[in-house]
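Observations on the three-dimensional arrangement
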Amino acid sequence: MTDAKHIVLKPVDMSGLKKRELRTQFGALCWREHMGKLEVLMITSRTSKRWVIPKGWPMNGATAAEAAATEAWEEAGVVGKTSDQCAGIYTYHKDLGGKSVPVVVAVFPVRVKKLKKTYPEAGLRKLRWMKPSKAAGLVAEPELRGILKAFRPPA
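Notes on the structure follow.

1. Observations regarding the pattern of salt bridges
This model, assessed by the stated rule, comprises 4 salt bridges. With a shortest N-O distance of 2.7 Å, glutamate 39 and arginine 32 are connected by a salt bridge. Overall, the relative accessible area of 14% leaves glutamate 39 in the buried class. Notably, a salt bridge pairs arginine 125 with glutamate 75, separated by 3.7 Å at the nearest N-O pair. On the criterion of sequence distance, the pair formed by arginine 125 in the loop between β7 (99-115) and β8 (127-130) and glutamate 75 in helix α1 (residues 64-76) is long-range, its members being 50 residues apart. For the pair formed by arginine 125 and glutamate 75, the shared burial category is buried.

What follows is the structure, encoded as structure tokens:
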């Protein structure tokens, strides 16, 4: 899936953090083979319009992979098959109530079978299929860039 030796986690300053101040999210690396080439689905964030992958908070009663699949559906209309094997982990800072908190995101591959036209966040984001190398050049997070560059679909 990914070549772990090429992905380096950046340091995250956790000095002074209380135990509930480091947050976890689950992301979906949505992919397909199109005309013999691997493509990944990128979406824009709702506020800054940066290119990102679908991601969100843990959900009661759902595994990490199931939560990632739910985010892919809600944010991009993805229907597909999710792998339970994490493709990588990246970090970023999220503004929560005026405070920047560190977030660790575990990324799960989702093979896209179809994209629905009607889904919860339809019209709030742009969606675009692209080569993983192009997607890597558009994301802000260096670790996500590494995950995209190294991504190989699960067998």
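2. A look at the pairing of β7
Where strand β1 (residues 23-34) meets β7, 9 bridges bridge the pair, whose relative direction is parallel. Opposite leucine 29, over in β7, you have proline 109 as the bridge partner. In this structure, strand β5 (residues 78-82) lies alongside β7, joined through 5 bridges in antiparallel fashion. Bridge pairing in β7 links valine 78 to leucine 115. As judged from the 9 bridges shared by strand β6 (residues 88-96) and β7, these two strands associate in the antiparallel manner. Among the inter-strand pairings, histidine 93 is bridged to a residue of β7, identified as proline 102. Following β6, the chain reverses through 2 residues before pairing antiparallel with β7; glycine 97 in that reversal takes a positive phi of roughly 60°.

The rules behind the values
- Residues numbered from 1 in each chain as written.
- Predicted model: local features only at pLDDT ≥ 70, side-chain atom pairs only at ≥ 80, totals over all residues.
- Heavy atoms only, no water.
- Salt bridge = Lys/Arg side-chain N within 4 Å of Asp/Glu carboxyl O.
- Buried < 20%, exposed > 50% of the residue type's maximum accessible area, 1.4 Å probe, protein only.
- Helix = DSSP H or I, 4+ residues; strand = E, 2+ residues; numbered from the N terminus.
- Pairing = 2+ DSSP bridges.

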